Amino acid sequence: MNVPASSRRFQVFSYAVLAYTLAVVLWGAFVRATGSGAGCGDHWPQCNGVVVPRAPTVATLIEYTHRVTSGLALVLALVMCVWGLRAHAKGHPVRLASVLSLVFMLTEAAVGAGIVLLKYVADNPSIARAYWMAIHLINTFLLVGAQALTAWWAGGRSRWVLRGQGLAGALAGGALAGLLLLGVTGAIAALGDTLFPATSFTEGLRQDMSETAHILLRLRVLHPLLAVGLGALLVAVGNVLARLRPSADVRRSATQLTVLYAVQLGAGLTNLVLLAPVWMQLVHLLLADLVWIALLRLCVAALAEDAPRAALRPDALAAQ
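No experiment lies behind these values; they were computed from the predicted model shown.

Bringing the domain arrangement of the chain into the picture now. Assigned domains of the chain: these are domain 1 (7-156) and domain 2 (157-310). Averaged C-alpha coordinates put domain 1 and domain 2 at centres separated by 21 Å. Taken together, the contact pairs 32 residues of domain 1 with 34 residues of domain 2. Across the interface of domain 1 and domain 2, roughly 3000 Å² is buried in total on both sides, 76% from carbon and sulfur atoms. Remark: the boundary between domain 1 and domain 2 carries zero salt bridges. Run the count over domain 1 and domain 2 and you get seven residue pairs in polar contact (both at pLDDT 80 or more). Only α1 (5-33) and α4 (127-154) provide two or more residues apiece to the side of domain 1 that touches domain 2. Split into classes, the residues belonging to the side of domain 1 that touches domain 2 amount to 23 nonpolar, six polar and three charged.

Shown next as structure tokens:
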């Protein structure tokens, strides 16, 4: 694929911004997992009423670091947006993706501010906090997805077309919606692990099954069950899309999705057995983001306007 040098430089920068954003997302999860979300009190954007905290606690340092790195992520998103608009002609898919990257970065900051100002941090076990965590997770997926697509399309790949895609479009839409739902259940499960840690695997099972358990614990069991079922469906979707749109990008993305999801299932099982240590929660979240990016790339490659089309025999579809 012949890509101009200027576009190549922009693509490298876009991937760097994506990598940095993922690091900030992981640090945000570290803030939640360590109960440091109230490290700056209920002040935002200031920290405990000041710009630079004095004699900060460990929790304050953790939360303040997240705010500083998030601010830099916003600056990088702005630079990427301006560069993307200036370097690409009207109608180029990079322009929309880079603008959406900035929009979702702004909404990410707004959601984070809302969580702090409404005190949905530290040991707050309210169901409203779970709703905010779900919104935060969805926005984060949309953010890293937009950044990943910015870099993807900067490499010279064709835009995607939603109309007239038939079965391929339905499978892509269903897979994306399903993975968003799985991510939401994962965010709720992680919140339950943080607020109600178990001392053993059997105790964790008793917590989940108890009729008197907090709703976050009773919802926690949904995530591993959905993860196993959805994993099989995603592999099947990848195989069908590779047959319907037999391009190199589609086949490669389908393989990457299968491998990443298998690794993610292994990480999820390890997380359960080890009782969700902080480091394993971060690994699990990183893999979740990578799976989301792989699925998104698979979908846009399959729905690209220049993707080859092939008919799928009914017997082949039934075999998936």
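Further remarks concern α1. Taking 1.5 Å of rise per residue, the 29 residues of α1 would be expected to cover 42 Å, and the 42 Å separating its terminal C-alpha atoms lies within 8% of that figure. Positive backbone phi, approximately 70°, marks glycine 35, located one or two places after α1.

Following the criterion strictly, the structure yields six salt bridges and no others. Of the charged contacts, one joins arginine 220 and aspartate 193 as a salt bridge, the two residues approaching to 2.8 Å between their closest N and O atoms. Highlighted residues: arginine 220 in helix α7 (residues 215-220) and aspartate 193 in helix α5 (residues 166-195), separated in sequence by 27 residues. A salt bridge links arginine 252 to aspartate 249; the nearest nitrogen and oxygen atoms lie 2.9 Å apart. In this pair, arginine 252 and aspartate 249 are both assigned in helix α9 (residues 248-273), three residues apart and thus about one turn of the helix distant. A residue is classified by how much of its surface remains accessible, and arginine 252, at 42% relative accessible area, is partly exposed.

Quick notes on the rules
- Residues numbered from 1 in each chain as written.
- Predicted model: local features only at pLDDT ≥ 70, side-chain atom pairs only at ≥ 80, totals over all residues.
- Heavy atoms only, no water.
- Domains from an automatic or database assignment.
- Contact = heavy atoms within 4.5 Å.
- Buried area = accessible area lost by both parts, 1.4 Å probe.
- Salt bridge = Lys/Arg side-chain N within 4 Å of Asp/Glu carboxyl O.
- Polar contact = N/O pair within 3.5 Å; in protein donor to acceptor, adjacent residues only side chain to side chain.
- Helix = DSSP H or I, 4+ residues; strand = E, 2+ residues; numbered from the N terminus.
- Nonpolar A, V, L, I, M, F, W, Y, C, P; charged D, E, K, R; others polar.
- Expected span 1.5 Å × (residues − 1).
- Buried < 20%, exposed > 50% of the residue type's maximum accessible area, 1.4 Å probe, protein only.

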